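# Results of the structural survey
Chain by chain, the residues run as shown.
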Amino acid sequence: MVPSFPQPASAAAATRPIPGSYGPPLLGPLRDRLDYFWFQGPDDFFRRRAADHKSTVFRANIPPTFPFFLGVDPRVVAVVDAAAFTALFDPALVDKRDVLIGPYVPSLAFTRGTRVGVYLDTQDPDHARTKAFSIDLLRRAARNWAAELRAAVDDMLAAVDEDLNRAPDPAAASASYLIPLQKCIFRFLCKALVGADPAADGLVDRFGVYILDVWLALQLVPTQKVGVIPQPLEELLLHSFPLPSFVVKPGYDLLYRFVEKHGAAAVSIAEKEHGISKEEAINNILFVLGFNAFGGFSVFLPFLVMEVGKPGRDDLRRRLREEVRRVLGGGDGDGGEAGFAAVREMALVRSTVYEVLRMQPPVPLQFGRARRDFVLRSHGGAAYEVGKGELLCGYQPLAMRDPAVFDRPEEFVPERFLGDDGEALLQYVYWSNGPETGEPSPGNKQCAAKEVVVATACMLVAELFRRYDDFECDGTSFTKLDKRELTPS
Ligand code: HEM
């Protein structure tokens, strides 16, 4: 049974002050920053505070803070349960301008001075224009999406296969799939979404992926735990000041010219059909391509492959393989290929994809600024007064492990979303900045590619089981890829 959240009859009767404090100026934010990045890590940071305050809504500071993030106010109202989280999806309650990654906004120089649609609030007319353009691009891309994905996955698996076979000791063989997967994502997105083939420009073909990695890192690192250098150095060098955009400007300009020349058809759609200027169109295309799509898939698809390929998950892989081959073998919809129609039939593949999105949402934090004073409601009638201008900060990994909604919330249960009861739980799957049962539109801030992302992930799983009888991973490396044994007909 799927719970509904009890609400109090009268808001005033049940409101309580939001627990927690921001601590003394400078010291409070600094302590929270060190807890977040160093002593506790993000997950523990939110869990401990929720437990200490006995509340899933509480006050805390969110990095980056101190000493050189001038004008960045780290104070937030943290929200970590499935009921209160929904306030973040309500355009009437929250203003989404400039809060994509929190109170910190990377310089506009990363997008040549354009404030792209993803940073705009729903009440800004430019938001509706750019969102409608993204939805339009995706609709047009649907024709080639699956074929381009399969072609790029083909190249990726050929590279990884070769790497694995080259190992001198097959028992200890291991081949990292991170860079091949990123190259696959970059290639297929450029071709399907923008209509521009990276192969048409040697520099973009060779360096496009790395340019986007650096461009993303410079914007995101002040807000992320990195973990590749000792933590004190990370705090000093990566979390104390905004990182500069000029380092990546030549690379961004290269991609800009690439889209201008080879993605001219997409740019012209923006200009002629959505009233967006050429420069803004290219910067928006690059942001959606590089940040939302390339960035999102670069985080999500490795999580997915890793979860499915975990040692000991042989039975799950057997069931997935049987489902994939039954659907593809049956020739439904896509003529034996894993396309949009075929993956709609793969119930267990879909449920597994949702479960990975539930447990490891690729964009874990969502922010929204209260447009006005309002009452934030949580489970069991709990209600909190939020003041106009306060920044809500939702932490999805806890909201989607809310025990009031999900049985065995901390466990990976691939069949969780099967059947009618399973499907009813989709309303609490929030990875896209909205319920999985919702629909992205120019009037909301839900991911424009909500459907496409899930279908793409299903296609990748299907393609793996179409080719291989089994595979296994150790983190982001394949340790086993058993080629499909073809039975003679
Ligand atoms: C795994 C891949 C992806 C993930 C995890 C993801 C996640 C998200 C999230 C969480 C948001 C909301 C951000 C916020 O306002 O707080 C968002 C917005 C958006 N996403 Fe995605 N996304 C992915 C792929 C894509 C792709 C392929 C596109 C291609 C068009 C896309 C286009 C957008 C756009 C245009 C928005 C802005 C919506 C708005 O401003 O109203 N995303 N995405």
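Residues numbered from 1 in each chain as written. Predicted model: local features only at pLDDT ≥ 70, side-chain atom pairs only at ≥ 80, totals over all residues. Heavy atoms only, no water.

## So, the sheet that holds strand S1 (residues 15-16)
Ordered in space as S1-S8-S7, the 3 strands form an open sheet in which the pairing is mixed. At either margin of the open sheet sits one strand with a lone partner, and together these are S1 and strand S7 (374-377). As paired strands, S1 and strand S8 (residues 383-386) are joined by 2 bridges and run parallel to one another. Bridge pairing links Arg16 to Tyr384 in S8. (Pairing = 2+ DSSP bridges. Helix = DSSP H or I, 4+ residues; strand = E, 2+ residues; numbered from the N terminus.)

## Re the pattern of salt bridges
This model, assessed by the stated rule, comprises 48 salt bridges. When the shortest N-O distance is used, the salt bridge between Asp35 and Arg49 registers 2.8 Å. Here Arg49 lies in helix H3 (residues 42-53) and Asp35 lies in helix H2 (residues 27-39), a separation of 14 residues in the sequence. Residue Asp35 shares its accessibility class with Arg49, and that shared class is buried. Put simply, Glu410 and Arg47 hold a salt bridge, and the shortest N to O gap is 3.2 Å. (Salt bridge = Lys/Arg side-chain N within 4 Å of Asp/Glu carboxyl O. Buried < 20%, exposed > 50% of the residue type's maximum accessible area, 1.4 Å probe, protein only.)

## Thoughts on the UniProt feature "binding site: heme" (unreviewed entry) in the protein chain
Residues annotated by UniProt as "binding site: heme" (unreviewed entry) correspond here to Cys447. Residue placement: Cys447 occurs in the loop between helix H16 (419-424) and helix H17 (450-467). Of the residues examined, Cys447 reaches a relative accessible area of 26% and is grouped as partly exposed. (UniProt positions renumbered as here; feature names shortened; annotations may be inferred.)

## Comments concerning the site of the ligand
Taken together, 26 residues sit near the ligand, with Lys96, His127, Lys131, Lys445 and Cys447 positioned nearest. Taking Asn444, its main chain carries an N or O atom lying 3.1 Å from an oxygen atom of the ligand. Within the side chain of Lys445, an N or O atom sits 2.8 Å from an oxygen atom of the ligand. Mapped onto the shell around the ligand, the elements with two or more residues apiece are helix H5 (125-166) and helix H11 (278-308). If one sorts the elements of the shell around the ligand by residue count, H11 sits on top with 6 residues. Taken together, the residues of the shell around the ligand sort by class into 14 nonpolar, 9 polar and 3 charged. (Near = heavy atom within 4 Å. Polar contact = N/O pair within 3.5 Å; in protein donor to acceptor, adjacent residues only side chain to side chain. Nonpolar A, V, L, I, M, F, W, Y, C, P; charged D, E, K, R; others polar.)

## Quick notes on the pairing of strand S11 (residues 477-483)
Here strand S5 (residues 175-176) runs beside S11; their pairing, made up of 2 bridges, is antiparallel. Residue pairing in the sheet places Ala175 in a bridge with Phe478 of S11. Note: strand S10 (residues 468-474) against S11, 6 bridges, orientation antiparallel. The residue of S11 that forms the bridge with Glu472 is Lys480. Between S10 and S11, which follow one another and run antiparallel, lie 2 residues, and Gly475 among them has a positive phi close to 60°.

## Considerations on empty space enclosed by the protein
It is a probe the size of a water molecule, rolled over the atoms, that shows where empty space is left. Applying the stated criterion across every chain yields a total of 2 cavities of 30 Å³ or more. Considering only enclosed or pocket space, the largest cavity measures out at about 80 Å³ in volume. The wall of the largest cavity is formed by Val105, Pro106, Ser107, Leu108, Phe110, Thr111, Thr114, Arg115, Val116, Tyr119, Gln219 and Phe287. Taken together, the residues of the lining of the largest cavity sort by class into 7 nonpolar, 4 polar and 1 charged. Put simply, the second largest cavity is a space of about 40 Å³. If you go around the second largest cavity, the residues you meet are Phe186, Cys190, Leu212, Leu255, Phe258, Val259, Leu286 and Leu289. Elements represented by at least two residues in the lining of the second largest cavity include exactly helix H6 (178-194), helix H9 (249-262) and H11. Here the lining of the second largest cavity gets 3 residues from one element, more than from any other, and that element is H9. Split by residue class, the lining of the second largest cavity holds 8 nonpolar, no polar and no charged. (1 Å grid on protein atoms, 1.4 Å probe; cavity = no way out; pocket = protein on both sides within 12 Å on 5 of 7 lines; lining within 4 Å. Points joined across faces, edges and corners; volume = space filled by probe spheres on them.)

## Side note on helix H14 (residues 347-359)
For H14, which comprises 13 residues, the first-to-last C-alpha distance of 18 Å matches the rise-based estimate of 18 Å (1.5 Å per residue) to within 8%. Along H14, 12 of the 13 residues are buried, which leaves the element largely enclosed by surrounding structure. Buried residues along H14 sit in contact with H11, helix H12 (314-329), helix H13 (340-344) and H17. (Expected span 1.5 Å × (residues − 1). Contact = heavy atoms within 4.5 Å.)

## Quick word on the pairing of strand S2 (residues 57-61)
If a strand is regular, its side chains alternate between the two faces of the sheet. Of all 5 residues that make up S2, 5 are buried, and the element is covered over most of its length. Here S2 shows no split at all, with Val57, Arg59 and Asn61 on one side and Phe58 and Ala60 on the other all buried. Sheet topology note: the S2/strand S3 (residues 75-79) ladder contains 5 bridges and is antiparallel. Paired with Ala60 across the bridge in S3 is Val76.

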